[in-house]
Amino acid sequence: MLKDILTGHLQVGEQSLRPEASLEDAGLDSLAIAELDLLLAEHGVTIGEDRLASVTTVGALDQLVDKHLAGR
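What you are looking at is a predicted structure, and each value in this text was computed from that prediction instead of being measured. (Residues numbered from 1 in each chain as written. Predicted model: local features only at pLDDT ≥ 70, side-chain atom pairs only at ≥ 80, totals over all residues. Heavy atoms only, no water.)

Q: Give a detailed account of the side chain of Asp37, specifying residues and quantitative values.
A: By secondary structure assignment, the location of Asp37 is in helix α2 (residues 30-42). Put simply, Asp37 is tucked away with no salt bridge, and the nearest opposite charge, on Arg51, sits 11 Å away. (Helix = DSSP H or I, 4+ residues; strand = E, 2+ residues; numbered from the N terminus. Buried < 20%, exposed > 50% of the residue type's maximum accessible area, 1.4 Å probe, protein only. Lys, Arg positive; Asp, Glu negative; His and termini not counted. Salt bridge = Lys/Arg side-chain N within 4 Å of Asp/Glu carboxyl O.)

Shown next as structure tokens:
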């Protein structure tokens, strides 16, 4: 789901989605993080913009979303 949101809605290139890539290097600025928060909420995943912005890499973002998916 996260990959689909990032590559589809936010138009992040798949080559940028390496686990070690920083969110900034992947093209996720503060506006994109805010949009990501809204898109995740539409899928029933409520994390919060501040929490999303606190992670630094694509891998950490993936783990955070997985953790919230597992907890619902």
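Q: Please give an account of the environment of Gly8 that cites residues and values.
A: Mapping Gly8 onto the fold places it in helix α1 (residues 2-9). The partly exposed category is assigned to Gly8, whose relative accessible area is 44%.

Q: Tell me about the environment of Val65, and please be specific about residues and values.
A: Topologically, Val65 is positioned in helix α4 (residues 58-70). For Val65, a relative accessible area of 1% translates into the label buried. In the structure, Val65 is positioned 19 residues away from Thr46 in sequence and 9.2 Å away in space, judged by C-alpha atoms. With sequence-adjacent residues up to four places away left out, Val65 is seen in contact with Met1, Leu2, Leu40 and Ile47. (Contact = heavy atoms within 4.5 Å.)

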